[in-house]
Amino acid sequence: MNTEALKELLYKIADDQLILGHRNSEWTGFGPLLEEDIAFSSMAQDKVGQSWQFYKILNELGESDPDTVAFMRNADQFHNCQFVELPNGEYDFSLIRHFLFDTAELIRFTMLADSTYEPISQLAKKIRGEVKYHTMHANIWIKQLGSATPESIQRLQDSLNQAMPYALGIFEPSPFEDDLISSGTFVGEKALESEWKKQIKEIIDQTELDLPDMDSLTPAFGGRSGNHTEHLQPLLDEMSEVFRVDPTADW
Amino acid sequence: MYGGGNVFEAMKATALAEEDPQKLAEFEARIDRGEKIEPKDWMPQLYRKQLIRMIEQHAHSEIIGALPEGTWITRAPGFKRKLALMAKVQDEVGHAQLLYSAAETLGKSREQMIDDLITGKSKYSNIFNYPAFTWADSCFISWLVDAGAIVNQVANSKGSYGPYCRALERICAEESFHLKYGHHCVIHLATGTKKQREMMQAAVNRWWAPMMHFFGPSDKISVHSEILMRWKVKMASNDECRQQFLDMYVPKIWELGLTVPDENLKKNQETGQWEFTEPDWEEFKRVINGDGPCNKERLAVRRTAEERGRWVREALLAPKAKYVTPLA
Ligand SMILES: [Fe+2]
Ligand SMILES: [Fe+2]
Ligand SMILES: [Fe+2]
């Protein structure tokens, strides 16, 4: 197996989980109701914990330790898609992102559970179980708010339109796509994307929302190769503020 | 988390005169026998009122208390701390949820309680009106403010109102994890690099006065609460809680090589009581009445969160919508 290809795959997954987990945690204390505060915090803990596990695999492949990797890199060294780094906005945007991203995430981990690379398939099997609850949560809320009041429907529709180009950025192909597929490590972004489109349509069709015409949109690519929006670096500066006071210290 | 220093309703001498004397006697006899009062049971109006007030203040303290530490979630150094702090603050929000439910059994809705918080009608623990400037401040809170809260909550969990006691038992179990986490963080700072030790000492210096205020005014000057004690609403006096806290934690603070910014602080070996410089109760009153460093900010954050979330709560009530049970 091509180690570079493997690392690229692991980094993008780990970075997605870390950054979106971090964003989810920003809802703590600010949710529209206490129950949602708690739900977003649970998902944040799962995602950050999952990223940690992936950084540990990377560590075994020769990369630095997880804390150093997470807290000491700059934005251009991160491989997450731009979607996860966007600010939370209002609850409608956070919910739409949660729905679109977590649906893709669950499919990705389900696919990775069959990976020929043992450490990934083992971890993916475990994570799949956690993420299942995240998509159940998202689906219930999308169905609820997507058909409730004119305001909730309008808000979700606006956020869906705004989010969609970024959501398509999740599936930015890796330069190693062929290696990953032929080695049986991962079935590839294309297969993931087409399954994702089917699944989100199934939920959106049960609401008053309209799915934007995805073929006419330009996906927000770039994140996978370190090109990010202006939002990522400030997030990382905040995340590492204490850690960088003394990176060698034991906190 | 929560401390003492509850603000109780001023009691009118006539308050009990309107109650049915026989029912009142039965009620008091039940409490004397150590029975729990349940939501459907008869209770004097005053008991109901004071309990709502106390539980509500406790619930508000949990959600407002999530704010000073919450700001450090995104800055926690390293995976271990980041995950632990997220879980800790999440617990505090969960405590608020439990406590609002307990208070609702007495007839006041969560919405009303939150409205009263936002308008400033209802209080919360004074200590959260101080800012957490550094990571070390958040560690101080997790260890010592939670420790103070435990002293108070363990006492209250032996009280007379069933739903509140049961909520507190669950809360105390979680609080003991918070305390362990906080202690662990403080140990690392206090025994770490020069910079870490300085950060930690500065935090102790900043938080000591609010910590002494945390348990409320000394018994000498606080309002009479005999009836609340008799009804097992208030289970320990402010001074008793403060003494217990000092006894349990000052030695642990000293053990770490930290100092406490009160040169008069010492245990009188003869009386077994801790002696200290009398806290500035004028400042306590000023802050609890709205004029502390963060009162306005804390309420503004809460108010904004409520306003931004209104459309969501309205959408949940919409006729088309089925009730959502949160899964995660
Ligand atoms: Fe706590
Ligand atoms: Fe708490
Ligand atoms: Fe928790």
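As a reminder, the structure under discussion sits directly above these lines.
A brief look at the structure comes next. (Residues numbered from 1 in each chain as written. Chains lettered and ligands numbered in written order. Predicted model: local features only at pLDDT ≥ 70, side-chain atom pairs only at ≥ 80, totals over all residues. Heavy atoms only, no water.)

## Quick notes on the coordination of the iron ion (ligand 3)
Phase 1 of the analysis: Looking at the metal site, the iron ion (ligand 3) is ligated by B:Q90 (OE1) and B:D91 (OD), spaced 2.5 to 2.6 Å from it.
Phase 2 of the analysis: With relative accessibility at 13%, the residue B:Q90 sits in the buried group. (Donors = N, O, S within 2.8 Å, 3.2 Å for Na, K, Ca; no water. Buried < 20%, exposed > 50% of the residue type's maximum accessible area, 1.4 Å probe, protein only.)

## With respect to the packing of aromatic side chains
By convention here, two paired aromatic rings are described through the distance between centres and the angle between planes.
Phase 1 of the analysis: Within the structure shown, the criterion is met by 22 aromatic pairs over all chains.
Phase 2 of the analysis: Between A:F171 and A:W196 the ring centres are 5.0 Å apart and the planes differ by 55 degrees, which places this aromatic pair in the tilted class. Of this pair, A:F171 sits in the loop between α7 (150-168) and α8 (177-182) while A:W196 sits in helix α9 (residues 189-204), placing them 25 residues apart in sequence.
Phase 3 of the analysis: Overall, the relative accessible area of 3% leaves A:F171 in the buried class.
Phase 4 of the analysis: On the accessibility criterion, A:W196 (0% relative accessible area) is buried.
Phase 5 of the analysis: Taking the centre distance of 5.4 Å and the plane angle of 35 degrees together, the rings of B:F245 and B:Y249 count as tilted. Placement of the pair is B:F245 and B:Y249 together in helix α9 (residues 238-255), with a separation of four residues, close to one helical turn.
Phase 6 of the analysis: Through pairs of rings, three or more aromatic residues link up here, namely A:W27, A:F40, A:Y91, A:W141 and B:W311.
Phase 7 of the analysis: Taking the ring centre of B:F177 as reference, the NZ or CZ of B:K180 above it sits at 5.3 Å. (Phe/Tyr/Trp six-rings, centres within 6.5 Å; stacked < 30°, edge-to-face > 60°. Helix = DSSP H or I, 4+ residues; strand = E, 2+ residues; numbered from the N terminus. Lys NZ or Arg CZ within 6 Å of the ring centre and 35° of its normal.)

## Focus on the side chain of A:S51
Phase 1 of the analysis: For A:S51, the location among the structural elements is in helix α2 (residues 34-60).
Phase 2 of the analysis: With relative accessibility at 0%, the residue A:S51 sits in the buried group.
Phase 3 of the analysis: Beyond its immediate chain neighbours, meaning those up to four positions away, A:S51 contacts A:A14, A:Q17, A:L18 and B:F79. (Contact = heavy atoms within 4.5 Å.)

## Description of empty space enclosed by the protein
All names here are of chain A.
Phase 1 of the analysis: By the definition in use, this model includes five cavities of 30 Å³ or more.
Phase 2 of the analysis: Roughly 70 Å³ of volume is contained in the second largest cavity.
Phase 3 of the analysis: Around the second largest cavity, the lining residues are I13, D16, Q17, F101, A104, E105, R108, F109, I170 and R224.
Phase 4 of the analysis: When residues of the lining of the second largest cavity are traced back to their parent elements, those giving at least two are α1 (3-25) and α5 (91-112).
Phase 5 of the analysis: It is α5 that contributes the most residues to the lining of the second largest cavity, five residues altogether. (1 Å grid on protein atoms, 1.4 Å probe; cavity = no way out; pocket = protein on both sides within 12 Å on 5 of 7 lines; lining within 4 Å. Points joined across faces, edges and corners; volume = space filled by probe spheres on them.)

## Focus: the pattern of salt bridges
Residue and element names in this part refer to chain B.
Phase 1 of the analysis: Going through the model one piece at a time under the given rule, you end up with 40 salt bridges over all chains.
Phase 2 of the analysis: A salt bridge links E56 to K108; the shortest N-O distance between them is 3.1 Å. Residue E56 is found in helix α2 (residues 45-70), and its partner K108 is found in the loop between α3 (79-104) and α4 (110-118); the two are separated by 52 residues along the sequence.
Phase 3 of the analysis: You can call K108 buried: its relative accessible area is 14%.
Phase 4 of the analysis: A salt bridge links E278 to K220; the shortest N-O distance between them is 4.0 Å. With a gap of 58 residues between them, E278 in the loop between β2 (273-275) and α10 (281-291) and K220 in the loop between α7 (194-213) and α8 (226-230) connect regions that are remote in the sequence.
Phase 5 of the analysis: Its relative accessible area of 70% is what places K220 among the exposed residues. (Salt bridge = Lys/Arg side-chain N within 4 Å of Asp/Glu carboxyl O.)

## Here we look at the interface of chain A and chain B
Bring the parts together and some accessible area is lost; that lost area is often taken as the interface size.
Phase 1 of the analysis: In this assembly, 58 residues from chain A lie in contact with 51 residues from chain B.
Phase 2 of the analysis: When chain A packs against chain B, the two sides together hide about 4800 Å² of surface, and 68% of this comes from carbon and sulfur.
Phase 3 of the analysis: On the chain A side of the interface with chain B, the three residues burying the most area are A:L34, A:Q144 and A:W251, jointly 16% of the side's total.
Phase 4 of the analysis: Counting the contacts that link chain A with chain B gives three salt bridges.
Phase 5 of the analysis: For B:R75, the salt bridge goes to A:E241, with nearest N and O atoms at 3.5 Å.
Phase 6 of the analysis: Counting across the interface, chain A meets chain B through 14 residue pairs in polar contact (both at pLDDT 80 or more). (Buried area = accessible area lost by both parts, 1.4 Å probe. Polar contact = N/O pair within 3.5 Å; in protein donor to acceptor, adjacent residues only side chain to side chain.)

## Some remarks on the environment of B:Q153
Residue and element names in this part refer to chain B.
Phase 1 of the analysis: Inspection of the secondary structure assignment puts Q153 in helix α5 (residues 135-156).
Phase 2 of the analysis: Q153 gets classed as buried once you look at its relative accessible area, which sits at 2%.
Phase 3 of the analysis: With 22 residues separating them along the chain, Q153 and E175 place their C-alpha atoms 9.6 Å apart.

## A closer look at the state of the cysteines
Phase 1 of the analysis: According to the stated counting rule, one finds zero disulfides over all chains in the structure shown.
Phase 2 of the analysis: The structure places no disulfide on B:C241, whose sulfur is separated from the nearest cysteine sulfur, that of B:C172, by 12 Å. (Disulfide = S-S within 2.5 Å.)

## Some thoughts on α7(B)
Residues and elements named next belong to chain B.
Phase 1 of the analysis: With 20 residues, α7 should reach 28 Å at 1.5 Å per residue; the first-to-last C-alpha distance of 30 Å fits that figure.
Phase 2 of the analysis: Of all the bends in α7, the greatest, near 40 degrees, is centred on W207, and the proline P210 appears no more than four residues after it.
Phase 3 of the analysis: Taken together, the buried positions of α7 are occupied by Q196, M199, M200, Q201, A203, V204, W207, W208, P210, M211, M212 and H213.
Phase 4 of the analysis: For α7, the elements touching its buried residues are α5, α6 (162-190), α9 and α10. (Expected span 1.5 Å × (residues − 1). Bend = angle between axes of the 7 residues up to and from the residue.)

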